[in-house]
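# Commentary on secondary and tertiary structure
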Amino acid sequence: MNRFALAVSSAIARVTESALGPYQTAVIRIGFSATWLLFLLREFPHRQELYGPDGPWDFDLAQQLIGTNGSFTALMWFRGGIWFETVYLFAVLTAVLLLVGWRTRAMSVLFMVGVLSLQNRSIFMGDGGDNVLHLMCVYLVFTRCGQVWSLDERRVRRAREARARGERVAPDRVGPALWSVFGFALVAVTAAGRLGGDLTVPLILWISWLAPAVWWFVGRRARTAEPRILLDVIGNVVHNGALLVIMAEACLIYATAGWYKIQGSRWQDGTAVYYPLHLDYFSPWPALADVLSSSGTMVMLITYGTVVVQVAFPFTLFNRRVKNVLLAAMITEHAVIAVVLGLPFFSLAMIAADAVFLPTSFLRRLGDLAARARGRLAGLVRRGDHPVKPPAPRSPENPEHAHVGSSA
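On a predicted model such as this, the values are computed, not experimentally measured, just so you know.

Our focus in this paragraph is the overall build of the protein chain. Regarding its fold elements, the protein chain presents 18 helices and 0 strands. On the principal axes, the C-alpha backbone points of the protein chain span a range of 90 × 70 × 65 Å. Counting all 408 residues of the protein chain, 36% fall into the buried class. In the protein chain, once contacts between residues fewer than 6 apart in sequence are set aside, the share between residues at least 24 apart is 73%. Taking the 38 positively charged and 27 negatively charged side chains of the protein chain as two groups, their mean positions are separated by 12 Å.

The structure is reproduced here in structure tokens:
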């Protein structure tokens, strides 16, 4: 009984004392924001047809659908191309800022607004990765995804180092300004009744706006440290719970996909992979598809291997070595799908979801390699800006040079 109580208390302390998986959540933040950003940039010439007024799913049809399902989308607040361009550029900007980790608490919320605004406007656009991104953008709001590999982390580190040197740190003015603008917009939109019929997104928006105010008030007015510690514990629990939900969601995606495949006759006889390789829509590289499908044995192994990996992965999470092997296999599979079937954004979204299971040691080594590469690149840039001067010619007045010359 004592061992059980000790294990329970250790688990509670682990969940409440810190935000777990800082590197994993950073990779998820970078992965999903980069996926969305690349998609928006690639489809920029076609944005009017996908989500704008020139699309077959016009404003009136979208308005009828939103009125039925109550989904949130800022694109339905106003008609016209100017508002659409504003929302589209807003989605691009928030993806960039979340990618680099600038004010991640605010940007994660605004990133969710951008994703939902476009995707809920035209729900028939996407290749499967949009569904994953749709869910993950909501989960990211509840995580502390800027603990590492972010501009926020660098700002906090520099402020801490400045205080350690006894220097005065200027008060933060950007955060309160963002909070004020966000609050003004939220109050105005709520008063106009534009937040949609479903209460989930409005509730998330209001909680995300009120939480920093409570945090600031407690930090300024509390006479003891207990209220601030309590808020920190709540933040850790929310973060760790969201991280657990992300992991469960990834497992659920693979488990359902694998079990549905088992029920299909083409997956049972080992020929399912053959057919998408010969569809024009999924064959950007026909020659490569022909090479992969030329061997019946290879097609059978890929078909059965896909099912085995997807079904088995959730059951291997408690065996680190087996889990890492299957994780590498799934990431490789998605990379192949991106190239062979021409589904890059679906694959990027799934790889970003898989990143939650990557080992911390591997992510740290990856971060160290990226830091060294960035340092070398910065050094090359500095040397390019300030070219190294050639050595001065040897002077005959230098006795050492004269000695060398005479001995020669």
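This paragraph deals with the side chain of Thr104. Take Thr104: it is sitting in helix α6 (residues 104–121). The exposure class of Thr104 is buried, given its relative accessible area of 7%. Residues within four places of Thr104 in sequence aside, it is in contact with Arg29, Leu98, Cys145, Gly146 and Asp152.

Interaxial distance between helix α14 (residues 296–312) and helix α15 (residues 320–340) falls to 10 Å at its minimum, and their mutual angle equals 130°. The orientation of α14 with respect to α15, classified from their angle, is oblique. Relative to α15, the crossing made by α14 is left-handed. For the pair α14 and α15, contact is made by Thr306, Val309, Gln310 and Ala312 and by Leu326, Ala329, Met330 and Glu333, respectively. Residue composition of the contact of α14 with α15, by class: 5 nonpolar, 2 polar and 1 charged.

This part takes up the layout of surface pockets. Estimated volume of the second largest pocket: approximately 970 Å³. Lining the second largest pocket are 26 residues, with Arg14, Gln24, Leu243, Met247 and Val356 positioned closest to its centre. For the lining of the second largest pocket, the element with the most residues is helix α11 (residues 226–263), which contributes 7 residues. Residues of the lining of the second largest pocket, tallied by class, amount to 15 nonpolar, 7 polar and 4 charged.

What follows concerns a nonpolar patch on the surface. Where nonpolar side chains cluster on the molecular surface, the patch consists of Phe142, Leu230, Ile234 and Val238 and spans about 330 Å² of accessible area. Among the secondary structure elements, Ile234 is positioned in helix α11. Overall, Ile234 belongs to the partly exposed group, its relative accessible area being 43%.

Okay, the pattern of salt bridges next. Using the criterion set out here, one finds 10 salt bridges in the structure. Put simply, Arg103 and Asp172 hold a salt bridge, and the shortest N to O gap is 2.8 Å. Residue Arg103 is found in the loop between α5 (81–100) and α6, and its partner Asp172 is found in the loop between α8 (151–164) and α9 (174–191); the two are separated by 69 residues along the sequence. Salt-bridge contacts for Asp152 lead to Arg155; the nearest nitrogen and oxygen are separated by 3.1 Å. Of this pair, Asp152 and Arg155 both sit in helix α8, 3 residues apart, roughly one helical turn. Because the salt bridges share partners, they merge into one network encompassing Glu153, Arg157 and Glu161.

Another point: the side chain of Thr94. Its location among the elements puts Thr94 in helix α5. The class of Thr94 is buried, set by a relative accessible area of 2%. Sequence-distant contacts of Thr94, that is, excluding residues within four places in its chain, are made with Leu110 and Phe111.

In the predicted model, the protein chain carries a mean pLDDT of 89, and 94% of its residues have values of at least 70. For the stretch residues 395–408, pLDDT sits under 50, and the model shows 4 contacts to residues farther than four places along the chain or on other chains.

A few words on the nonpolar core. Grouped together as the largest cluster of nonpolar side chains are 69 residues, with contacts concentrated most on Phe32, Trp36, Met112 and Leu118. Apart from the residues within four sequence positions on either side, Met112 is in contact with Cys137, Val138, Val141, Val201, Ile204 and Leu205. Val299, Ile337, Val340 and Leu341 belong to the second-largest nonpolar core, a separate cluster that totals 8 residues.

Non-glycine residue Arg103 carries a positive phi angle of around 50°. Classification of Arg103 by relative accessible area gives buried; the value is 12%. Within the chain, Trp149 stands out as a residue other than glycine whose phi angle is a positive 55°.

Rules of the game
Residues numbered from 1 in each chain as written. Predicted model: local features only at pLDDT ≥ 70, side-chain atom pairs only at ≥ 80, totals over all residues. Heavy atoms only, no water. Helix = DSSP H or I, 4+ residues; strand = E, 2+ residues; numbered from the N terminus. Buried < 20%, exposed > 50% of the residue type's maximum accessible area, 1.4 Å probe, protein only. Contact = heavy atoms within 4.5 Å. Lys, Arg positive; Asp, Glu negative; His and termini not counted. Charge placed at Lys NZ, Arg CZ, Asp CG, Glu CD. Axes fitted to C-alpha atoms, helices over the stretch in contact; angles between N-to-C directions. Parallel < 35°, antiparallel > 145°, perpendicular 65-115°, else oblique. Left-handed = near helix turned anticlockwise from the far one by under 90°. Nonpolar A, V, L, I, M, F, W, Y, C, P; charged D, E, K, R; others polar. 1 Å grid on protein atoms, 1.4 Å probe; cavity = no way out; pocket = protein on both sides within 12 Å on 5 of 7 lines; lining within 4 Å. Points joined across faces, edges and corners; volume = space filled by probe spheres on them. Patch = residues over 30% accessible without salt bridge, like charges linked within 9 Å, V, L, I, M, F, W, Y side chains within 5 Å. Areas by Shrake-Rupley, 256 points an atom, 1.4 Å probe, with all protein chains shown as cover. Salt bridge = Lys/Arg side-chain N within 4 Å of Asp/Glu carboxyl O. pLDDT = per-residue confidence, 0-100. Core = buried A, V, L, I, M, F, W, Y, C linked by side-chain atoms within 4.5 Å.

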